[in-house]
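Each chain is listed here by its residues.
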Amino acid sequence: MSPSNSTGELTMKDKTAIAGVGSTPYYKRGESMPQMPMELAAKALLAACDDAGLTIDDIDGLALYSMGFDTSLFAQWLNIPELRFTALLSGGGGGAAGSVGLAAAAIVSGQATCVASIMTLQQAASRFGASFAPRGKPGAVYSAPPSPEGNFIQPSGLMGPGQMFAVLAQRHMYQYGTQREHFAEVAISTRANAIRRNTSLMKEPLTLDQYFDARMISEPLCLFDFCLECDGAVAVITVSAARAKDLKQKPVYVAASANGGAGRWGQAITWMGMPDEYFASSGHRTVAQRAYEMAGITAADVDVALLYDHFTPMVIMQLEDYGFCPIGEGGRFVADGNIRWPSGSIPVNTHGGNLSEAYIIGMTHVKEAVEQIRGTAVNQVEGAEVALATGGPASIPVSNLILHS
Amino acid sequence: MKGLTPESVINLTPNVWTEPFWAAAAEHRLVVPRCTSCGTHRMPPTPFCWRCRHQDVEWEEHDGRGTLYSFTVVRHAVIPDVRDALPLIAGIVELPNTEGCRLVGNIVDCEPEAVRIGLGVTTDWYDVREGETVPVFRLA
Ligand SMILES: [Zn+2]
């Protein structure tokens, strides 16, 4: 599953850096109204410019993901002097970290000089929890109209991502002996990180008893295995490494980014036909290898991992696919305290993640990776020099980003 | 049958590649497309053989006996239509001798506690409405 065609001398390793990050406040689902989603995006970008010591006049590229937004209206609103690069990674949340790779690609190829990656989300009208629900009774509008491929899934009652990832989690438990206690450790450790931050929507600790008392949503996943449903926006500005040195913040270099995946991972949870070899995985094995090769590092070199955590078992599977532990050992690895901040061997989601800080489709992970490398994170990993951020598990592309000081 | 997804959220929209599957389903027959060039089965039916990229298929009858590959018990309604139908068991069933082809459907007439990965299942048919039938599964 890992093609060996090397990119040779053509690499974007260390040629760009993240110069600024910014966000709006994070809101519970719908509470950002009456602001418009793209208004949130603009506020996040202005905050990122401020952070970088740049202005809108400097921005000349937009690298988006998960369907993006109307770049023409956005540029018109903000009077961006000249857009030279606009692009959208295909797929959904899998593109989060990869959108910064897209920005870096634009810069390294000389198409643009200062590229913003932005996610804005407002879940007032539609909820991701029913992303794959077909149109139901007349008048009811859901998220995924019936399709020839969906016809083979929807009649089973699978219509939300959590239900679908539950199927992967169940298989992981069967194959490797993973336990609900292991999922709980992901939820509890992430919550412990979140409650130390004033940006977090979840402000109380989570106990094992509370976890097991919570209602079951889709077995084996209970309420606390699911991430939050939120509104908000996060923006990240990427420039050339040379330019970053002259800006306000300490440069955070882009060592590598990869997006994609194996073709037969494909639509993943919305087809369920992935090969047995990696059915119970995060779909990240190819992009993990690609990014490590580009950066010239291994898992042992990563100081902090910001792993896309829409559902707790998918953190465990990413720990395996990124080589922090052997395949199948992820459950026991987290149970041993390895992902705890500050004591674990690889602190994970020090910002509180999608599970407990806010779900902005993975861009909070990139923001935290930047703050960790700058040394300004609230839950700072001491001496952090290399940070990994991921987007997805999802249908392909899934993606990642390796940053360093 | 107990444990069926409500008909209001099932709406079959076949294309030229999937239509023969649903036509056979309406007759309570399970058929799986098989590449006429390399013999590889593929599900759902798609325009290309994933192994050799050939297009033509023959439709092979299958007895519908399979193995439960994974499942989830849906306990929470993400849309109102399914509220009264819970719990629903969504099963992923692997069909032997098909290079790992899987079907996804309700596991019917059984208690959630009885469901285990690896159990044998048989295929049955849920007539949703005239001309629209989908596969469901029973523990063997
Ligand atoms: Zn073939």
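Residues numbered from 1 in each chain as written. Chains lettered and ligands numbered in written order. Predicted model: local features only at pLDDT ≥ 70, side-chain atom pairs only at ≥ 80, totals over all residues. Heavy atoms only, no water.

Undergrad: Would you mind showing me how to read the coordination of the zinc ion here?
TA: All names here are of chain B. Within the protein, the zinc ion binds to Cys35 (SG), Cys38 (SG), Cys49 (SG) and Cys52 (SG); these donor distances fall in the range 2.3 Å. Around the zinc ion, the 4 donor atoms are arranged such that angles at the metal cover 102 to 114 degrees; this shape is classified as tetrahedral. Every donor residue of the zinc ion comes from the same chain, spaced as C-x2-C-x10-C-x2-C. Taken as a pair, Cys35 in strand E1 (residues 30-35) and Cys52 in the loop between E1 and strand E2 (57-62) lie far apart in primary sequence, 17 residues in all. You can call Cys35 buried: its relative accessible area is 2%. (Donors = N, O, S within 2.8 Å, 3.2 Å for Na, K, Ca; no water. Tetrahedral: all angles 85-135°; square planar, octahedral: opposite > 155°, others 65-115°. Helix = DSSP H or I, 4+ residues; strand = E, 2+ residues; numbered from the N terminus. Buried < 20%, exposed > 50% of the residue type's maximum accessible area, 1.4 Å probe, protein only.)

Undergrad: Please explain the pairing of strand E12 (residues 398-404) of chain A as it appears in this structure.
TA: Consecutive residues of a regular strand have side chains that alternate between opposite faces of the sheet. All names here are of chain A. For E12, the tally of buried residues reaches 6 of 7 residues, placing the bulk of the element in the interior. Sheet analysis places strand E9 (residues 252-260) next to E12, joined by 7 bridges and oriented antiparallel. Considered in E12, the bridge of Tyr253 is made with His404. Hairpin connection of strand E11 (residues 386-391) to E12: 6 residues between the antiparallel strands, including Gly392 at a positive phi of 85 degrees. (Pairing = 2+ DSSP bridges.)

Undergrad: What is the right way to look at the interface of chain B and chain A in this model?
TA: Many analyses report the size of an interface as the accessible area lost when the parts associate. If you look at the interface, chain B gives 38 residues, while chain A gives 40 residues. Summed over both partners, the interface of chain B with chain A buries about 3,400 Å², with 62% contributed by carbon and sulfur atoms. Put simply, chain B and chain A have 1 salt bridge between them. A salt bridge links Glu219(A) to Arg75(B); its shortest N-O distance comes to 2.8 Å. Applying the counting rule to chain B against chain A returns 19 residue pairs in polar contact (both at pLDDT 80 or more). For the side of chain B that touches chain A, the elements supplying multiple residues, two or more each, are helix H1 (19-26), strand E3 (66-74), strand E4 (88-94) and strand E5 (102-106) of chain B. By residue number, the principal contributor to the side of chain B that touches chain A is E3(B), which donates 6 residues. In the side of chain B that touches chain A, the residues fall into 24 nonpolar, 11 polar and 3 charged. (Contact = heavy atoms within 4.5 Å. Buried area = accessible area lost by both parts, 1.4 Å probe. Salt bridge = Lys/Arg side-chain N within 4 Å of Asp/Glu carboxyl O. Polar contact = N/O pair within 3.5 Å; in protein donor to acceptor, adjacent residues only side chain to side chain. Nonpolar A, V, L, I, M, F, W, Y, C, P; charged D, E, K, R; others polar.)

Undergrad: What is the right way to read the confidence of the model for chain B from this model?
TA: Any segment with low pLDDT has predicted coordinates that should not be analysed in fine detail. Averaged over every residue, the pLDDT of chain B is 97; residues scoring 70 or more account for 100%. ipTM for the predicted complex: 0.98, alongside a pTM of 0.97. (pLDDT = per-residue confidence, 0-100.)

Undergrad: What is the right way to read the packing of aromatic side chains from this model?
TA: By convention here, two paired aromatic rings are described through the distance between centres and the angle between planes. Applying the stated criterion across every chain, the model contains 11 aromatic pairs over all chains. With centroids separated by 5.2 Å and ring planes inclined at 80 degrees, the aromatic side chains of Tyr211(A) and Phe212(A) adopt a geometry described as edge-to-face. The lysine or arginine in question, Arg171(A), covers the ring of Tyr69(B), its NZ or CZ lying 3.8 Å from the ring centre. One Lys or Arg, Arg264(A), reaches over the ring of Trp50(B) and ends 3.6 Å from the middle of that ring. (Phe/Tyr/Trp six-rings, centres within 6.5 Å; stacked < 30°, edge-to-face > 60°. Lys NZ or Arg CZ within 6 Å of the ring centre and 35° of its normal.)

Undergrad: Please explain the pattern of salt bridges as it appears in this structure.
TA: Pairing between side chains of opposite charge can happen when the charged atoms of each approach one another. Residues and elements named next belong to chain A. Taken as a whole and judged by the stated rule, the model has 26 salt bridges over all chains. The residue Lys13 makes a salt bridge to Asp14 at a minimum N-O spacing of 3.2 Å. As a salt-bridge pair, Arg374 and Asp51 come within 2.7 Å of each other at their nearest N and O atoms. Here Arg374, found in helix H12 (residues 363-374), pairs with Asp51, found in helix H1 (residues 37-52); they are 323 residues apart in sequence, far enough to count as distant. Each member of the pair Arg374 and Asp51 is classed as buried. Through salt bridges with shared partners, one network takes in Asp60, Glu82 and Arg84.

Undergrad: Even after reading the chapter, I still don't get the nonpolar core, so can you show me in this structure?
TA: Nonpolar side chains tend to gather and get buried jointly when the protein is soluble and globular. Of all hydrophobic cores here, the largest spans 113 residues; its most connected members are Ile18(A), Leu168(A), Met272(A), Leu319(A), Phe324(A) and Ile402(A). Broken down by element, this core gets its largest block of residues, 7 residues, from helix H4 (residues 161-176) of chain A. Setting aside its immediate chain neighbours within four residues, Met272(A) contacts Ile153(A), Leu158(A), Met164(A), Val167(A), Leu168(A), Phe279(A), Ile92(B), Arg102(B) and Val104(B). Cys49(A), Ile56(A), Ile118(A) and Leu247(A) belong to the second largest nonpolar core, which has 33 residues in total. (Core = buried A, V, L, I, M, F, W, Y, C linked by side-chain atoms within 4.5 Å.)

Undergrad: How do you make sense of a nonpolar patch on the surface when you look at a structure like this?
TA: All names here are of chain A. Judged by side-chain polarity, Met36, Leu73 and Trp77 come together as a nonpolar surface patch covering roughly 270 Å² of accessible area. By secondary structure assignment, the location of Leu73 is in helix H2 (residues 71-78). Judged by its relative accessible area of 30%, Leu73 is partly exposed. (Patch = residues over 30% accessible without salt bridge, like charges linked within 9 Å, V, L, I, M, F, W, Y side chains within 5 Å. Areas by Shrake-Rupley, 256 points an atom, 1.4 Å probe, with all protein chains shown as cover.)

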